[in-house]
Amino acid sequence: MLGITDFWTYVLGTAAIVLLPGPNSIFVLTVGAQRGVRTGYQAAAGVFVGDTVLMVLAAAGVASLLRTYPPVFMVIKYAGAAYLAWLGVGIIRGAWRKWRGRGEPTTVAATTVPAGTQRPFRRALVVSLLNPKAILFVVSFFIQFVQPGYAHPALSFLILGAVLQVFSALYLTALIFGGQFLAGQFRRRRRLSAGVATGVGAVFVGFGIKLATASVT
């Protein structure tokens, strides 16, 4: 089928992978909850662009380079781990600043952009590009469904990429609106909100530690 092998296996596998919690989805959920639907979609756009870049690189043969030269992947892996940990620390610091300023008027708090969520498109793009989960997806899963020798491999990659982006768009949309619901629950409970943000920051730090210490097979 258009140079794609086991299309429905790819569809089911992609859906399962997209639904697994990861840095991309948690960042979009956090931005949507803290800064609203519009800004949440800016973060989602960063994820879409980052995933597209990774898939284009895979189609161009960079996936083979990463398999042939593991040190290149290791550099990306540690850079991604460091960035996730740094992002998590920023979110935690912002949560504690919000907690310390709990006695300030609501209008002051409302105009403060939470730390770690500024420039959502750019931050989400970097998280996506340096996310080893996403890189391993295109290296170990995505390209395996392109039939060798097919005359128009670009078409195969385009279809596979479109499937991924459709699932990603649906999932991130659910997270953005889910984040808005949570924001409504937390808006007048600053202590609880700060606690949740601290937990999210800790999750990002945990992602960084896990990625830095995980073995790649």
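Residues numbered from 1 in each chain as written. Predicted model: local features only at pLDDT ≥ 70, side-chain atom pairs only at ≥ 80, totals over all residues. Heavy atoms only, no water.

- The protein chain is annotated in an unreviewed UniProt entry as Leucine export protein LeuE from Actinoplanes friuliensis DSM 7358.
- The Sequence similarities (unreviewed entry) comment attached to the protein chain in UniProt states, word for word, "Belongs to the Rht family."
- Of the comments in the UniProt record for the protein chain, the one headed Subcellular location (unreviewed entry) reads "Cell membrane". (UniProt positions renumbered as here; feature names shortened; annotations may be inferred.)

1. So, a nonpolar patch on the surface
Logical step 1: A surface patch of nonpolar side chains, about 280 Å² in accessible area, is lined by Val49, Val53, Leu57 and Phe121.
Logical step 2: With respect to the secondary-structure elements, Val49 resides in helix α3 (residues 37-59).
Logical step 3: Looking at Val49, the relative accessible area reads 36%, which means it is partly exposed. (Patch = residues over 30% accessible without salt bridge, like charges linked within 9 Å, V, L, I, M, F, W, Y side chains within 5 Å. Areas by Shrake-Rupley, 256 points an atom, 1.4 Å probe, with all protein chains shown as cover. Salt bridge = Lys/Arg side-chain N within 4 Å of Asp/Glu carboxyl O. Helix = DSSP H or I, 4+ residues; strand = E, 2+ residues; numbered from the N terminus. Buried < 20%, exposed > 50% of the residue type's maximum accessible area, 1.4 Å probe, protein only.)

2. Re the confidence of the model for the protein chain
Logical step 1: When pLDDT is averaged across the protein chain, the result is 75; 69% of the residues are at 70 or more.
Logical step 2: When the criterion is pLDDT under 50, residues 103-113 qualifies, and its contacts beyond four places in sequence or with other chains add up to five contacts. (pLDDT = per-residue confidence, 0-100. Contact = heavy atoms within 4.5 Å.)

3. Some words on the nonpolar core
Logical step 1: Ranked by size, the top nonpolar core spans 35 residues in total, and within it Tyr10, Val28, Phe137, Val138, Phe142 and Leu160 carry the most contacts.
Logical step 2: The element best represented in this core is helix α9 (residues 153-186), accounting for nine residues.
Logical step 3: The contact partners of Leu160, leaving out residues within four places of it in the chain, are Ile4, Tyr10, Phe142, Phe145 and Val146. (Core = buried A, V, L, I, M, F, W, Y, C linked by side-chain atoms within 4.5 Å.)

4. Focus: the UniProt feature "transmembrane region" (unreviewed entry) in the protein chain
Logical step 1: Within this structure's numbering, the places UniProt gives as "transmembrane region" (unreviewed entry) are residues 7-31, 43-66, 72-92, 124-145, 157-182 and 194-213.
Logical step 2: In residues 7-31, helix accounts for 88% and strand for 0%; the two terminal C-alpha atoms are 33 Å from one another.

5. Some details on the packing of helix α2 (residues 23-35) against α3
Logical step 1: Their axes nearest at 7 Å, the elements α2 and α3 cross at an angle of 160°. The angle between the axes of α2 and α3 places the two elements in the roughly antiparallel class. Considering how the two elements wind past one another, α2 and α3 form a crossing that is right-handed. Taking contact as the criterion, the partners of Asn24, Phe27, Val28, Val31, Gly32 and Arg35 in α2 are, on α3, Val37, Thr39, Gly40, Ala43, Ala44, Val47 and Asp51.
Logical step 2: For the contact of α2 with α3, the per-class residue count stands at seven nonpolar, four polar and two charged. (Axes fitted to C-alpha atoms, helices over the stretch in contact; angles between N-to-C directions. Parallel < 35°, antiparallel > 145°, perpendicular 65-115°, else oblique. Left-handed = near helix turned anticlockwise from the far one by under 90°. Nonpolar A, V, L, I, M, F, W, Y, C, P; charged D, E, K, R; others polar.)

6. A look at the packing of aromatic side chains
Logical step 1: The full count for this structure, using the stated rule, is two aromatic pairs.
Logical step 2: For the ring pair Phe7 and Trp8, a centre distance of 5.1 Å and an interplane angle of 75° mean the geometry is edge-to-face. (Phe/Tyr/Trp six-rings, centres within 6.5 Å; stacked < 30°, edge-to-face > 60°.)

7. Examining the side chain of Thr14
Logical step 1: Mapped onto the elements of the fold, Thr14 is located in helix α1 (residues 7-19).
Logical step 2: Every residue in contact with Thr14, bar those within four places of it in the chain, is listed here: Phe137, Phe141, Leu164 and Phe167.

8. Points about the packing of α2 against helix α7 (residues 120-129)
The axes of two packed helices give the description: the angle between them and the distance between them.
Logical step 1: Interhelical geometry of α2 versus α7 gives an angle of 165° and a closest axis separation of 9 Å. Regarding the angle of α2 to α7, the classification is roughly antiparallel. In this structure, α2 crosses over α7, and the sense of that crossing is right-handed. Facing Pro23, Asn24, Phe27, Val31 and Arg35 of α2, the residues of α7 in contact are Pro120, Arg123, Ala124, Val127 and Ser128.
Logical step 2: By residue class, the composition of the contact of α2 with α7 is six nonpolar, two polar and two charged.

9. Regarding the environment of Tyr150
Logical step 1: By the secondary structure assignment, Tyr150 is in the loop between α8 (132-141) and α9.
Logical step 2: Taking C-alpha positions, Tyr150 is 8.8 Å from Ile4, a pair spaced 146 residues apart along the chain.
Logical step 3: Ignoring any residue separated from it by four or fewer positions in sequence, one finds Tyr150 in contact with Leu2, Gly3, Leu155 and Ser156.

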